[in-house]
Amino acid sequence: MANIKMRNYKLENIDIEDIELVLQKVEDTFDFRFVNKELIKIKNLGQLSDAIKDKIKLEHKESCTTQQAFYKLKKILISQSGLDEINPKTELSKIFPKKNRLKLIRKVEEKLSFKLNITQPKRVYVNILLILFVISILSFFYDYKIALFGIIVSILGIWSTHKFGKELNLKNVGDLAEKMKRENYLKSRRDPKSVNINEVEQVIIDLFSIELNLRKSELTRKALIQ
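Residues numbered from 1 in each chain as written. Predicted model: local features only at pLDDT ≥ 70, side-chain atom pairs only at ≥ 80, totals over all residues. Heavy atoms only, no water.

Considerations on the overall build of the chain
Rules: Counting from the N terminus, the helices are the DSSP runs of H or I reaching at least four residues and the strands are the DSSP runs of E reaching at least two. Relative accessible area decides the class of each residue, using a 1.4 Å probe on protein chains only: under 20% of the type maximum gives buried, over 50% gives exposed, and in between gives partly exposed. Any pair of residues with heavy atoms lying within 4.5 Å of one another is described as a contacting pair.
Scanning the chain from terminus to terminus reveals ten helices and six strands. Along the first, second and third principal axes, the C-alpha atoms of the chain reach 60 × 50 × 30 Å. The burial tally for the chain puts 43% of its 226 residues in the buried class. Pairs at least 24 apart in sequence give 70% of the contacts found in the chain among residues at least 6 apart.

Next comes the structure, spelled out in structure tokens:
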């Protein structure tokens with residue numbers, strides 16, 4: 001992927017590594033790759049959006065991807081949950097009860113053929129492990145064996161809490177359909193070899209906004225890139 005960085009309002013404060021990670025998500029969701037120097041002449045977000053559209057060599061079909069993602073998801077969830085009706089406002093906690101939540105989510109992911117990433121650990125557990133990690137680093141000045149043990153425990157703890165965390169990070173089915181569209185655009189469409197080119201720029205803005213914690217009002221087509 002070609003190197004790129006953005007500058008406009010708060011964008012000049014964003015680390016280049018973070019921006020490149022977002023661009024990788026854009027490449028993944030639309031299934032293409034930039035090569036070296038392809039972005040060298042890009043000056044703003046609008047030009048970047050146009051460059052991405054040019055890289056997507058798929059048939060244009062003017063249909064709503066969010067709607068298609070919802071109906072694809074609805075069919076799977078009804079067959080699995082036993083609920084008579086599911087709508088965009090249906091809470092995910094009703095579909096994925098906490099007791100066997102991870103197992104149920106994995107089954108849905110298998111049918112969709114991609115990860116949903118909709119669970120997380122309780123924040124208090126992560127904070128405790130981070131404190132343990134910091135204390136362990138400081139302990140090197142006193143006893144390196146204890147420090148090393150604490151670092152290993154905290155790292156393994158953080159990994160396991162993220163792997164087995166059961167807290168949902170989305171509220172309802174509508175939110176999940178939007179996430180599917182954003183992160184797995186082509187796989188969420190009825191025809192994965194098609195694209196609604198009119199949706200591409202909004203998906204790009206959504207990814208930059210969510211991943212970099214930026215207001216969408218900052219992500220105009222004139223947002224500078226250098």
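Focus: a positive patch on the surface
Convention followed: For patch building, the residue pool is restricted to those with more than 30% relative accessible area and no salt bridge; the joining distance is 9 Å between like charges and 5 Å between nonpolar side chains (Val, Leu, Ile, Met, Phe, Trp, Tyr). Here, Shrake-Rupley sampling with a 1.4 Å probe gives the accessible areas, and only protein chains in the shown set may cover a residue. When a carboxyl oxygen of Asp or Glu lies within 4 Å of a side-chain nitrogen of Lys or Arg, that pair is called a salt bridge. We treat Lys and Arg as the positive residues and Asp and Glu as the negative residues; His and chain ends play no part in the count. Every charge is mapped to an atom, namely NZ of Lys, CZ of Arg, CG of Asp or CD of Glu.
A cluster of like positive charges, contributed by Lys103, Arg106, Lys107, Lys111 and Lys163, occupies part of the molecular surface. In terms of residue count, the dominant contributor to the positive patch is helix H5 (residues 101–112) (four residues). Residue position: Lys103 is located in helix H5.

Structural notes on the packing of helix H3 (residues 65–81) against helix H8 (residues 173–183)
What counts is decided by this rule: Axis lines are fitted through C-alpha atoms, for helices just across the contact stretch, and the angle between N-to-C directions can take any value from 0 to 180 degrees. Geometric relationships in this document are graded by angle, where less than 35 degrees denotes roughly parallel, more than 145 denotes roughly antiparallel, 65 to 115 denotes roughly perpendicular, and other angles denote oblique. Crossing chirality is assigned from the near helix's rotation relative to the far helix, an anticlockwise turn below a right angle marking it left-handed and a clockwise turn marking it right-handed. Charged residues are taken to be Asp, Glu, Lys and Arg, nonpolar residues to be Ala, Val, Leu, Ile, Met, Phe, Trp, Tyr, Cys and Pro, and polar residues to be all remaining types, Gly included.
Orientation of H3 relative to H8, taken along the N-to-C sense of each, is 120°, at an axis distance of 8 Å. Between H3 and H8, the angle falls in the class oblique. The crossing of H3 and H8 is right-handed. Here H3 contributes Thr65, Thr66, Ala69, Phe70, Leu73 and Leu77 to the contact with H8, which in turn contributes Val173, Leu176, Ala177, Glu178, Met180 and Lys181. Looking at the contact of H3 with H8, its residues break down into eight nonpolar, two polar and two charged.

Focus on H8
Stated formally: Under the rule applied, a polar contact is a pair of N or O atoms within 3.5 Å (in protein, one hydrogen donor and one hydrogen acceptor; residues adjacent in sequence only if both atoms are side-chain atoms).
Most of H8 sits out of view: nine of its eleven residues are buried. Burial in H8 covers these residues: Val173, Gly174, Leu176, Ala177, Lys179, Met180, Lys181, Arg182 and Glu183. One side-chain oxygen at the N-terminal end of H8 lies 3.1 Å from the backbone nitrogen of Gly174; it belongs to Asn172.

A few points about the pattern of salt bridges
Evaluated as defined, the whole model comprises twelve salt bridges. Linking Glu201 and Lys53 is a salt bridge whose minimum nitrogen-to-oxygen distance equals 3.7 Å. Linking Glu201 in helix H10 (residues 200–212) with Lys53 in helix H2 (residues 45–55), this pair joins segments that are 148 residues apart in sequence. The exposure class of Glu201 is buried, given its relative accessible area of 18%. Here Lys53 falls in the partly exposed class, since its relative accessible area comes to 25%. The closest approach of N and O atoms between Lys61 and Asp191, which form a salt bridge, is 3.0 Å. You can see Lys61 sitting in the loop between strand E2 (59–60) and H3 and its partner Asp191 sitting in the loop between helix H9 (185–188) and strand E5 (194–195), a full 130 residues away along the chain. Here Lys61 falls in the partly exposed class, since its relative accessible area comes to 31%. Residue Asp191 is classed as partly exposed on the basis of its relative accessible area, which comes to 24%.

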